[in-house]
Amino acid sequence: MTVIAEPVGPRFKLPRAKTLLFAAIAVMYAYVLVTTESFLFDKSSPEWVHIAPFRMWLLPHGLAAACALFLGPFQFSERLRRRYFTVHKTFGYLYIAGCYIGAPLGLYIQRFEEKLGTYSHSFTIATALDAAIWIFATTMALIMVRTKRVQQHRQWMIRSFACALIFLEVRTIMVFFQLPEPAVEAVVWACVAAAFPIADLVLQVDELRRQKSRTARA
């Protein structure tokens, strides 16, 4: 008796962890844009009155930080790096410029708001630490690539982008969980403290995936 095997259709492949991660980040982008940053599309929003005293500093800060947040994910595209290395390199330097401009200006604005009585001195310290670790990680990534240590460069870029994401994380947490305004300081401190550990967790998961892939090919 002959057994005829039924044709097997294409198996469904689960999305890669990196794909899911950046999809979640994209959702955060959209969520923050339509919630806390929606005033950008509404000239009658009372938020414009709040930012009026430091408006001239907010525009370059916002543009620089937004540039870093938008270009950051492209730095982790292996396809972009292999096929269009010049584009990858240009995006990388634009990301670094966004960090070096956006982080200090963000701290200056926060210090300005402290003087206005909007936030506490502790909040300013948290912002300073956020800016410091972002600049530090980005600088380390730059040093690594300039000395041709590509793997270490990639690791520091992951840490750097984890620091950049604090902007989105704080706003997403505050709005999604409907936390009161006084809780923002605690959320900022928590996100700053978690930035490097989360980045290193991503690095460990990625290394395990690479080891599994190498073992499968052996």
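Residues numbered from 1 in each chain as written. Predicted model: local features only at pLDDT ≥ 70, side-chain atom pairs only at ≥ 80, totals over all residues. Heavy atoms only, no water.

Glancing now at the overall build of the protein. For the protein, the helix and strand inventory stands at nine helices and zero strands. Mapped in sequence order, the helices and strands of the protein form the string α-α-α-α-α-α-α-α-α. Taking the principal axes of the C-alpha coordinates as reference, the protein spans close to 85 × 45 × 30 Å. Separation between the mean location of the 24 positive side-chain charges and that of the 14 negative ones in the protein comes to 16 Å. (Helix = DSSP H or I, 4+ residues; strand = E, 2+ residues; numbered from the N terminus. Lys, Arg positive; Asp, Glu negative; His and termini not counted. Charge placed at Lys NZ, Arg CZ, Asp CG, Glu CD.)

Right, let's get into the confidence of the model for the protein. Here the protein averages 89 in pLDDT, while 92% of its residues score no lower than 70. Within the protein, the element-level pLDDT minimum falls on helix α9 (residues 184–217), averaging 87, and the maximum on helix α6 (residues 121–146), averaging 96. (pLDDT = per-residue confidence, 0-100.)

With that settled, consider helix α8 (residues 166–176). It helps to recall that an α-helix has 3.6 residues per turn; residues three or four apart then point in one direction. Every buried residue of α8 is listed here: Ile-166, Leu-168, Val-170, Thr-172 and Met-174. At the exit of α8 stands Gln-178, carrying a positive phi of roughly 50°. (Buried < 20%, exposed > 50% of the residue type's maximum accessible area, 1.4 Å probe, protein only.)

Taken as a whole and assessed by the stated rule, the structure comprises five salt bridges. Put simply, Arg-171 and Glu-37 hold a salt bridge, and the shortest N to O gap is 3.4 Å. Placement of Arg-171 in helix α8 and of Glu-37 in the loop between α1 (17–34) and α2 (47–51) is noted, with a sequence separation of 134 residues between them. Overall, the relative accessible area of 17% leaves Glu-37 in the buried class. We note a salt bridge from Arg-159 to Asp-200, for which the minimum N-O separation is 3.0 Å. Of this pair, Arg-159 sits in helix α7 (residues 150–164) while Asp-200 is found in helix α9, placing the two residues 41 residues apart along the sequence. Looking at Asp-200, the relative accessible area reads 31%, which means it is partly exposed. (Salt bridge = Lys/Arg side-chain N within 4 Å of Asp/Glu carboxyl O.)

So, about the packing of α7 against α9. Their axes nearest at 8 Å, the elements α7 and α9 cross at an angle of 140°. With respect to each other, α7 and α9 are oriented oblique. Here α7 runs over α9; the crossing is right-handed. Touching Arg-154, Gln-155, Trp-156, Ile-158, Arg-159, Ala-162 and Cys-163 of α7 are Ala-195, Phe-196, Ala-199, Asp-200, Val-202, Leu-203, Asp-206 and Arg-210, all from α9. Considering only residue class, the contact of α7 with α9 consists of nine nonpolar, one polar and five charged. (Axes fitted to C-alpha atoms, helices over the stretch in contact; angles between N-to-C directions. Parallel < 35°, antiparallel > 145°, perpendicular 65-115°, else oblique. Left-handed = near helix turned anticlockwise from the far one by under 90°. Contact = heavy atoms within 4.5 Å. Nonpolar A, V, L, I, M, F, W, Y, C, P; charged D, E, K, R; others polar.)

Taking 1.5 Å of rise per residue, the 34 residues of α9 would be expected to cover 50 Å, and the 48 Å separating its terminal C-alpha atoms lies within 8% of that figure. Considering only its buried residues, α9 is in contact with α6, α7 and α8. (Expected span 1.5 Å × (residues − 1).)

With that out of the way, let us pick up the packing of α6 against α7. Taken N-terminus to C-terminus, the directions of α6 and α7 make an angle of 160°; their axes are 8 Å apart at the nearest point. When the axis of α6 is compared with that of α7, the two are roughly antiparallel. Here the hand of the crossing between α6 and α7 comes out left-handed. Between α6 and α7, the residues in contact are Asp-130, Ile-133, Trp-134, Phe-136, Ala-137, Thr-138, Met-140, Ala-141, Met-144 and Val-145 and Gln-152, His-153, Trp-156, Met-157, Arg-159, Ser-160, Cys-163 and Ala-164, respectively.

Core analysis: the biggest nonpolar cluster contains 37 residues, and Tyr-95, Trp-134, Phe-161, Val-170 and Val-188 have the highest contact counts within it. Looking at this core, the elements that each hand over two or more residues are α1, α3 (55–71), α5 (85–116), α6, α7, α8 and α9. (Core = buried A, V, L, I, M, F, W, Y, C linked by side-chain atoms within 4.5 Å.)

By convention here, two paired aromatic rings are described through the distance between centres and the angle between planes. Throughout the structure, instances matching the rule amount to twelve aromatic pairs. Ring geometry for Phe-54 versus Phe-112: centroids 6.1 Å apart, planes at 65°, classification edge-to-face. Placement of Phe-54 in the loop between α2 and α3 and of Phe-112 in helix α5 is noted, with a sequence separation of 58 residues between them. Overall, the relative accessible area of 25% leaves Phe-112 in the partly exposed class. (Phe/Tyr/Trp six-rings, centres within 6.5 Å; stacked < 30°, edge-to-face > 60°.)

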